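Now for the letters of each chain:
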Amino acid sequence: MMAYDGATMKLLTWNVLHRVHAERHSEPAIRAWPDETRRIHGVATRVRALADEGVEVLLLQEVSGDVLAELRARLPDRAVLNHLYPRVPRAKPSVKDPTEHLVIVAPPGSRVLRAHTFSNDPGKGFLLVGVPGGAAVLSTHVSWGKNGEPQLSLLAQVVAAHSGVLCIGGDFNAEREAISKALGLPIAPLPEGALRTRPQDGGGSDIDHLLCRGAVLSEVAVLEHGDLSDHRPVVGIVT
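Residues numbered from 1 in each chain as written. Predicted model: local features only at pLDDT ≥ 70, side-chain atom pairs only at ≥ 80, totals over all residues. Heavy atoms only, no water.

Digging into the sheet that holds strand 8 (residues 166–171)
The following threshold applies: DSSP calls a pair of strands paired once it identifies at least 2 bridges connecting them. Counting from the N terminus, the helices are DSSP H or I runs at least four residues long and the strands are E runs at least two residues long. Note on definitions: angles span 0 to 180 degrees between N-to-C directions of axes, and those axes are lines fitted to C-alpha atoms, for helices only across the stretch in contact. Note on contacts: a residue pair qualifies if any of its non-hydrogen atoms lie within 4.5 Å across the two residues.
Spatial ordering of the open sheet is given by 5-6-7-8-11, a layout of five strands whose pairing is mixed. Edge strands, defined here as strands with exactly one partner in the open sheet, are strand 5 (111–117) and strand 11 (208–213). On average, each strand axis in the sheet is tilted by 15° relative to the strand beside it, whichever way the strands run. Where strand 6 (residues 125–130) meets strand 7 (residues 136–141), six bridges bridge the pair, whose relative direction is antiparallel. The partner of Gly125 across the bridge, within strand 7, is His141. Set on the sheet, helix 5 (residues 148–161) makes contact with strand 5, strand 6, strand 7, strand 8 and strand 11; between it and strand 7 the angle comes to about 180°.

The following block contains the structure:
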């Protein structure tokens, strides 16, 4: 594991897919992983491996209570901070704890600065965390379409009000140009031929993004994940 020095930071965003949503929308992940216990183990194993490979901060969305418990068990050396949504997805037999969370896995000593559920969607919001060294990181899940517009406006206010380095990652349910314009921040380009962040039959889309203010974001890449989710992880280096 690389030592976090406060000057450079490897950052990742990943929507890990809540099982209830996966079953409701018949996502391919439930066919690849029919046993939710095994999928939870796979998600936690992948996150643990990414942390061991030097990813200091992981911004996670659609984290069920079951996945959150497994992450905390597997990452005792990290701060695993969460925001619980007031909406609880209707439980399926495969889910023991159907609550849904935003989660940030970060270096020890990190602390929650703000946690917010969007007023027009009780299952979407953001989690803002301060990490040692002075930077702040934000994990968000934004609604699709018109519902996302006031949410992005609020996020833009958070960006404008925050002093210092701020890095944002999440599932924005919109392509990069719209998000960059709404937040007033550049989105580092993906390399030519990169995997789509949201794979779908016939291609897919890029709706999972990393953005930074007050720092340089480089070496952005989309990672494979063994069909554990309907989204792929996006990673980059912040300097």
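Structural notes on the packing of helix 3 (residues 36–52) against helix 4 (residues 65–74)
What counts here: In these notes the angle categories are as follows: under 35 degrees is roughly parallel, over 145 is roughly antiparallel, 65 to 115 is roughly perpendicular, and the rest is oblique. With the far helix as reference, a near helix turned anticlockwise by less than a right angle produces a left-handed crossing, and one turned clockwise produces a right-handed crossing. In the scheme used here, Gly and all other residues not listed as nonpolar or charged are polar, with Ala, Val, Leu, Ile, Met, Phe, Trp, Tyr, Cys and Pro taken as nonpolar and Asp, Glu, Lys and Arg as charged.
At a minimum axis distance of 9 Å, the contact between helix 3 and helix 4 shows a crossing angle of 40°. The orientation of helix 3 with respect to helix 4, classified from their angle, is oblique. When the axes of helix 3 and helix 4 are compared, the crossing they make is right-handed. From helix 3, Ile40, His41, Val43, Ala44, Thr45, Val47 and Arg48 reach across to helix 4, where they touch Asp66, Val67, Glu70, Leu71 and Arg74. Of the residues assigned to the contact of helix 3 with helix 4, the class counts are six nonpolar, two polar and four charged.

Looking at the pairing of strand 2 (residues 57–64)
Which entries qualify depends on this criterion: Burial status follows relative accessibility: with a 1.4 Å probe on protein chains alone, a residue under 20% of its type maximum counts as buried, one over 50% as exposed, and anything between as partly exposed.
Across the eight residues of strand 2, eight count as buried, placing the element largely inside the fold. Relative to strand 2, strand 1 (residues 9–15) is paired through five bridges, and the arrangement is parallel. In the sheet register, Trp14 faces strand 2, and the bridge partner there is Leu60.

Observations concerning the nonpolar core
The test is simple: Joining through side-chain atoms within 4.5 Å is the link that ties buried Ala, Val, Leu, Ile, Met, Phe, Trp, Tyr and Cys residues into a set, and such a set is a nonpolar core.
Formed by 24 residues in total, the largest nonpolar core has its most connected members in Leu11, Val57, Ile104, Val131 and Val137. Mapped onto this core, the elements with two or more residues apiece are strand 1, strand 2, strand 3 (79–84), strand 4 (100–106), strand 6, strand 11, strand 12 (217–222) and strand 13 (234–238). Beyond its immediate chain neighbours, meaning those up to four positions away, Val137 contacts Met9, Leu11, Val57, Leu59, Ile104, Leu127, Leu128, Val129, Val131, Leu166 and Cys167. Core analysis: the second largest hydrophobic core is formed by 22 residues, Ala44, Val47, Ala51 and Val63 among them.

With respect to the layout of surface pockets
Vacant regions in the atomic arrangement are exposed by a probe of water-molecule size rolled over the atoms. Applied cut-off: Whether a set of points on the 1 Å grid over the protein atoms alone is a cavity depends on a 1.4 Å probe fitting there but being unable to get out, while an open set qualifies as a pocket with protein on both sides within 12 Å along at least five of seven lines; lining residues are those with an atom within 4 Å of a point. Grid points are joined across faces, edges and corners, and a volume is the space filled by probe spheres set on the points.
Computed from the structure, the largest pocket encloses a volume of approximately 450 Å³. Lining the largest pocket we find 22 residues, and of these His25, Glu62, His141, Asn173 and Arg198 sit closest to its centre. Of the residues forming the lining of the largest pocket, the biggest block, three residues, is contributed by helix 1 (residues 19–24). Grouping the amino acids of the lining of the largest pocket by side-chain chemistry returns five nonpolar, eight polar and nine charged. Together, 13 residues line the second largest pocket, and Pro28, Arg198, Pro199, Gln200 and Asp201 are the ones closest to its centre. Mapped by element, the contributors of at least two residues to the lining of the second largest pocket are helix 2 (28–32) and strand 9 (198–200). Per-class residue counts for the lining of the second largest pocket are three nonpolar, three polar and seven charged.

A short note on empty space enclosed by the protein
Using the criterion set out here, one finds one cavity of 30 Å³ or more in the structure. Of the voids in this model, the largest cavity is the one considered here, and its volume is about 60 Å³. Around the largest cavity, the lining residues are Arg176, Ile187, Ala188, Leu190, Thr197, Asp206, Asp208, His209, Leu210, Leu217, Val220 and Val234. Listed by contribution, the elements that provide at least two residues to the lining of the largest cavity are strand 11 and strand 12. Residue composition of the lining of the largest cavity, grouped by class: seven nonpolar, two polar and three charged.

Some words on the sheet that holds strand 2
Adjacent strands of a sheet form backbone hydrogen bonds with each other and so pair up, either parallel or antiparallel. Here six strands make up an open sheet; going across it, the order is 3-4-2-1-13-12 and the pairing mixed. Edge positions in the open sheet fall to strand 3 and strand 12, since each of these has one partner strand only. Ignoring which end each strand starts from, the neighbouring axes of this sheet average 20° apart. Pairing of strand 1 with strand 13 involves five bridges; the strand directions are antiparallel. Looking at strand 13, one finds that Thr13 is bridged to Val234. Against the sheet, helix 3 makes contact with strand 1 and strand 2, and its axis sits at roughly 165° relative to strand 1, the strand it touches most. Running at roughly 145° to strand 2, helix 4 makes contact with strand 2, strand 3 and strand 4 of the sheet.

Shape is all these values report; function is a separate question.
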